Amino acid sequence: MSASIQDLSVAEGTAPSPRRRGFFLGVLRDRKAAVIGLALIVFFVVLAIVAPYISPYSASSQSCAVYAHPSVHHWLGCDDGGFDMLSELMQGGRISLVVGFAATLVAMIIGGGVGILSGYFGGWVDVSLMRVTDYLLVIPDLVFAMVIADLWGANLFHIIIVIGILEWTTTARVIRAQVMSLKERIYVKRAKAIGAGHARIIAKHILPQVGPLLIANTVLTVAIAIYLETALAFLGLEDPTVTTWGTILEHAFDRTAISSGAWWAVVPDGICIALVIVGCFLFGQAIEDALNPRLKVAHLSLRRWKIRTLAGREADAI
Amino acid sequence: MTSLLEVDGLHVWFDLPRTAHQHGNQVHAVKGVSFELQPGERFGLVGESGCGKTTTILALMGLLPSNASLAGEVRLDGTNILAGGEDSVRAFRWKDIAMVFQGAMNALNPVKKVGWQIAEPMAFHGVAEGTAARKRAGELLELVGIPARSAERYPHEFSGGMRQRAAIAMALACEPKILLADEPTTALDVMVQAQILELLTRLSDELGLSVILVTHDLPVVAQMCDRAAVMYAGEIAEAGPMEALYHDPQHPYTRMLFAATPDLSGEQAVTSIPGSPPRLDREITGCPFRQRCDVPIDRCEVEHPSLRYIASGHLAACHRAGAHRDELAGTM
Amino acid sequence: MSEIEQALVPAPRPEATVPAPAPGIAAAPEQPGTAVPLLEVVDLVTHYAVRRGLIEAAARRPRRWVHAVDGISFSLQRGEMLALVGESGCGKTSTVQTILGMVKPSSGAIRLNGTDIAGLADRQMRPMRRIVQMIYQDPYESLDPRFTVRQTVEEPMLVYGIGASRDGRESLIVSALEQAGLTPAEMYLDRYPHELSGGQRQRVAIAASLVLGPKLLLADEPVSMLDVSVRAGVLSLLDSLRKDTDMGILMITHDLSTAAHFADKIAVMYLGRIVELGSAADVVRNPQHPYTKALLSVVPKRDPRDRQAAQILTGETPDPVDVPSGCRFHPRCPVAVDRCRVEDPQLREPAAAAAGQLAACHLA
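Rules behind the numbers
Residues numbered from 1 in each chain as written. Chains lettered and ligands numbered in written order. Predicted model: local features only at pLDDT ≥ 70, side-chain atom pairs only at ≥ 80, totals over all residues. Helix = DSSP H or I, 4+ residues; strand = E, 2+ residues; numbered from the N terminus. Rg over C-alpha atoms; globule rule 2.2 N^0.38 Å. Buried ≥ 20, exposed ≤ 12 C-beta atoms within 10 Å, placed from the backbone. Contact = placed C-beta atoms within 7 Å. Expected span 1.5 Å × (residues − 1). Pairing = 2+ DSSP bridges. Axes fitted to C-alpha atoms, helices over the stretch in contact; angles between N-to-C directions. Parallel < 35°, antiparallel > 145°, perpendicular 65-115°, else oblique. Left-handed = near helix turned anticlockwise from the far one by under 90°. Nonpolar A, V, L, I, M, F, W, Y, C, P; charged D, E, K, R; others polar. Core = buried A, V, L, I, M, F, W, Y, C linked by C-beta atoms within 7 Å. Bend = angle between axes of the 7 residues up to and from the residue. pLDDT = per-residue confidence, 0-100.

A.B. asks: If you had to explain the overall build of chain B to someone new, which residues and values would you point to?
C.D. replies: Looking only at helices and strands, chain B features 11 helices and 12 strands. In summary, chain B has a C-alpha radius of gyration of 21 Å against a globular reference of 20 Å for 332 residues, a match within 12%. The principal-axis extent of the C-alpha atoms belonging to chain B is close to 65 × 50 × 45 Å. Here chain B holds 332 residues, and 55% of them are scored as buried. Relative to all contacts within chain B whose residues are 6 or more apart in sequence, the contacts with residues 24 or more apart total 64%.

A.B. asks: Describe in detail the overall build of chain A, supporting the description with residues and values.
C.D. replies: Secondary structure assignment for chain A yields 10 helices and 1 strand. Start at the N end of chain A and walk to the C end: the helices and strands fall as α-α-α-α-α-α-α-α-α-α-β. The proportion of buried residues among the 318 residues of chain A is 41%. A sequence separation of at least 24 residues applies to 72% of the contacts in chain A between residues at least 6 apart.

A.B. asks: I'd like to hear about helix 10 (residues 228-245) of chain C, residue by residue, with values.
C.D. replies: For helix 10 of chain C, built from 18 residues, the straight-helix expectation of 26 Å at 1.5 Å per residue is met to within 8% by its first-to-last C-alpha distance of 26 Å. Along helix 10 of chain C, the positions that sit buried rather than exposed are Val228, Ser229, Val230, Arg231, Ala232, Gly233, Val234, Leu235, Leu237, Leu238 and Leu241 of chain C.

A.B. asks: Provide a residue-level description of the sheet that holds strand 8 (residues 210-215) of chain B, including the pertinent values.
C.D. replies: All names here are of chain B. The strand order across the open sheet built from 8 strands is 6-7-8-3-9-10-12-11, with neighbouring strands paired in mixed fashion. What marks the edges here is a single partner per strand, and that holds for strand 6 (97-100) and strand 11 (308-311). Across the sheet, the axes of successive neighbouring strands diverge by a mean angle of 20°, strand direction being ignored. Against the sheet, helix 9 (residues 252-259) contacts strand 9 (227-232) and strand 10 (235-241), and its axis sits at roughly 100° relative to strand 9.

A.B. asks: Give a detailed account of the sheet that holds strand 5 (residues 115-116) of chain C, specifying residues and quantitative values.
C.D. replies: Residues and elements named next belong to chain C. Judged by pairing direction, the sheet is antiparallel, and its 4 strands sit side by side in the order 2-1-4-5 without closing on themselves. At either margin of the open sheet sits one strand with a lone partner, and together these are strand 2 (65-76) and strand 5. Summarising the sheet, strand 1 (residues 39-49) and strand 2 pair through 8 bridges and their orientation is antiparallel. Its bridge partner being in strand 2, Ala49 is matched across the sheet by Trp65.

A.B. asks: I'd like a rundown of the packing of helix 6 (residues 149-160) of chain C against helix 7 (residues 166-179) of chain C, residues and numbers included.
C.D. replies: All names here are of chain C. Relative to each other, helix 6 and helix 7 sit at 115°, their axes nearing to 10 Å. Classified by the angle between their axes, helix 6 and helix 7 sit roughly perpendicular to one another. With respect to the hand of their crossing, helix 6 and helix 7 are arranged in right-handed fashion. On helix 7, the residues touching Arg150, Val153, Glu154 and Met157 of helix 6 are Arg169, Leu172, Ile173, Ala176 and Leu177. Classifying every residue of the contact of helix 6 with helix 7 gives 6 nonpolar, no polar and 3 charged.

A.B. asks: Please set out the pairing of strand 3 (residues 42-46) of chain B residue by residue, giving values where relevant.
C.D. replies: Residues and elements named next belong to chain B. Most of strand 3 is tucked away: 5 of the 5 residues are buried. Here strand 3 shows no split at all, with Arg42, Gly44 and Val46 on one side and Phe43 and Leu45 on the other all buried. In terms of strand pairing, strand 3 meets strand 8 through 5 bridges, oriented parallel. When the sheet's bridge partners are listed, Phe43 is paired in strand 8 with Ile212. Alignment of strand 3 against strand 9, held across 4 bridges, turns out to be parallel. In the strand pairing of strand 9, Val46 is matched with Val230.

A.B. asks: Kindly report on the interface of chain C and chain B, identifying the contributing residues and their values.
C.D. replies: As a measure of interface size, the accessible area lost when the parts come together is often cited. The interface of chain C with chain B comprises 32 residues on the first partner and 33 residues on the second. With 6 residues, helix 10 of chain C is the single largest residue contributor to the side of chain C that touches chain B.

A.B. asks: Account for the nonpolar core, naming residues and giving values.
C.D. replies: In this structure, Ile212 of chain B together with Ala207 of chain C are the most contacted members of the largest nonpolar core, which totals 292 residues. In terms of residues, this core owes the most to one element, helix 8 (residues 198-234) of chain A, which gives 17 residues. Dropping the residues within four chain positions of it, Ala207 of chain C is found in contact with Val153, Ala176, Leu177, Gln179, Ala180 and Leu182 of chain C.

A.B. asks: Explain unusual backbone geometry to me, and be specific about the residues and the numbers.
C.D. replies: Of note, the amide linkage connecting Thr183 of chain C to Pro184 of chain C takes the cis form, showing an omega dihedral of -10°. Of note, Pro184 of chain C is situated in the loop between helix 7 and helix 8 (185-189). You will see that Glu183 of chain B, though not glycine, has its phi angle at about 45°, which is positive. For Glu183 of chain B, the position within the fold is in the loop between strand 7 (178-182) and helix 6 (190-207). A positive phi angle, close to 60°, is found at Asp246 of chain C, a residue other than glycine. Its place among the elements puts Asp246 of chain C in the loop between helix 10 and strand 8 (248-253). According to the C-beta neighbour criterion, Asp246 of chain C is partly exposed, with 17 such atoms within 10 Å.

A.B. asks: Explain helix 8 of chain A to me, and be specific about the residues and the numbers.
C.D. replies: Residue and element names in this part refer to chain A. Between its first and last C-alpha atoms helix 8 spans 46 Å; for 37 residues at 1.5 Å apiece the expected length is 54 Å, and the helix comes up short by more than 12%. Leu207 marks the point of greatest bend in helix 8, at about 50°, and the proline Pro208 comes within the next four residues. Looking one or two places after helix 8, you find Gly236, whose phi comes out positive at around 85°.

A.B. asks: Could you give me a rundown of the environment of Ala65 of chain A, with the residues and numbers involved?
C.D. replies: Residue and element names in this part refer to chain A. Of note, Ala65 is situated in the loop between helix 2 (32-54) and helix 3 (85-121). On the basis of neighbour count, Ala65 is assigned to the exposed category, with 11 C-beta atoms found within 10 Å. Between the C-alpha atoms of Ala65 and Asp80, which are 15 residues apart in sequence, the distance is 8.4 Å. Excluding anything up to four places from it in sequence, Ala65 contacts Cys78 and Gly82.

A.B. asks: So what about the confidence of the model for chain B? Which residues, and what values?
C.D. replies: All names here are of chain B. Looking at chain B as a whole, the pLDDT averages 89, with 94% of positions reaching at least 70. Note that pLDDT drops below 50 for residues 326-332; the model gives that stretch 6 contacts with residues more than four away or on any other chain. For this predicted complex, the interface confidence comes out at an ipTM of 0.87, alongside a pTM of 0.84.

Okay, here's the thing in structure tokens:
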């Protein structure tokens, strides 16, 4: 009657589900895009951390001529105020990334919370939360941001809040959808039948499953947050005394960098922003893809099954 | 006299992706399977999950994924249909040999009318087109016990049993000689199951259709089929007439499988088979069943038993078969 | 403490064994006939409202109901196994969900050791859940893939605060796993579900329900998704568990052969009603209701020579939203008469039946 030790062989073809330890490593191992994405993100984060120690000059004091060309002393030249571009980029990156991550944290906490509560409890909780989400979803991001920045004043903290408020809605919808389907899983129903309370079920059964999706969403939201920060700064809605990638662009356009031919005041900055966003997208998408059930499209593949000849093996008697 | 279908030494391997979980790089899913099928015969392919029965019939249709490799011959009226790979099989697919897939009733296209879905393969294989195809689709629906006017309905308007019948009608669209049915009644209620089995029996009798019924459900095969093969770990353990398999099993697995199946009479105790099937990604020495067998001998450890004749039409792959017939029959 | 909670306080258990039954509950008289049944269902009705669209609601069309369970009564004694048999749409799953308290009944009583638990609020239901546990059909879905076996079996204990220390809980877990046939338990403790076979997973689910010392086990098709060679093992496990711990088992199955082999009593359901109820032997050998007779005739037999004439009914079970008038089986019944179209038969003991065997048929 007892099951034998032999039974502990790999069970019938079930794919292992995302366990915390193995899943992210698995994603990195299977998808090159994820590695590139993560590398980009890590590179800029590390750069931001060590910026004060390795930046050649101060980003807030003049060290060269206005719009000086890139040279051996100033690899990326100087901007309209005579500040070293490379230093500005490094220092600016710190602020931009901080804003991006902080805003995303706000968005993730609100969005994750709303999504879980909405999906798990359903009923009027769901209806009311989703109506709020819908309202915010519909409001155009930049217009809303401009109005808030105007009303509250342009400083970094307000910008973080604004971006956070704008971005939680997508996360909420995505998480809600997953929680609604998770709620129907037999092991969740079993936990309820045992008598586990809502808090326990959410904490132990729902949250761990939702975790990877939340992280994927978070990474993608970082990209959008950084973009939004750039846009808001570019539109003049941020504190101009603070150096961020956005304000660098804003200064450059304001002070006719392009017509002066000073491409170094614009292009490297744009490239940095683009690289971070691309990195976030690559990594976030890779995680999202890994969470989807794998679709086998073998029948659409151009390759066919093969015929082998059996050398030296006898066919069994008929 | 050549049989309608001769499967001769069929082997199927699957290449595995290189991940941390797999140790070998290939799974030998079907190992030298051979059997014959006559016109109008109902043949059962029985086994538990992972034994290779579905892979075997997918191989007959050439419907294996790109990581599969095949060896052996499948002769339809004497012609080896696998000889040229995918291209040669395609000529026979659906026209001579058709299949009702596992869960076919859930695989109907939800946005196309049922009649259209039955007519589609006819057009594709050049059997009939347009009005003629639609008319024939109606006839096929009547044949499987659904009113012809239901051809204008969508699958969600059909019940589970009706959808399964529609799937059977689809398989019959090009008038095949052989119908492969993979677990056709597994998800259905017992009364609907009886209806479907009766339908398949009637089609086999009236149209001279040969049916290969793949299932894990022994009693279903016992009721419907004339002959059957029991598969284990990718091989045929025993094959022969249904009566011989039940009353005179020569392979311990066959005997134990029957013993594990409850019967309405409730007289004999039902016993399970301890252990589980061997992994197919590793080389197996000796008999694949020896770990779970209740009557192994020394020879089973080292020598792989080949499928051999015990009596006319009755084969078994067991070292103890034949010689100890009376002893084994006595334990039944 | 409320009356219910008082009745269910378990005796303090010795550390190394699965909990002993509670004093109040275990005190049962010798004769099974006079004992308070473990489970008594009386005229249970569970209807689900069919969701109306906006237009239908505005037009004030009468609400339609799914008559999932339409008035059933039966009882289950300690140590007994009752099989609820029927086809899809007959209401067996709804019955069990209502007993479990996952679904609120529309009317009727569900008495657990004499106490009515029908329609209790979640909070009051909580102490009851220790006594009533459920095994689900799908072993691949009923375990959280992120929980080890240890965590899965431990969870019920954490919910109810059993086992003061880690070690105390561990020994209970080990003994539950061994009772479920997973020996040596240590090999399984740190495994994840995807490393186990279907049969092993089902045993883990059984162990997780044993750990609270349930008195009533509800099993929804516990073996239908397992391989044939493994089924007998799990069913025998349930059988021996009920004999050893005096647990009552209510098992849903569509397989009459399984019911015939393992159950003491069989209740055949059709469209929300019990149409036949009796001991397994009586129901299988001497069926009284035409539906039971038809079902038994179409069950495939192992013996190829045993091919009796199958009484295959036409059509399929009607939608529980539109229940036929009179006897709900009459549209498909091979022996229906005029009376059957008009009058709804009650469950009673037919003349030709054994004692205690009931059937709801005018002609029985």
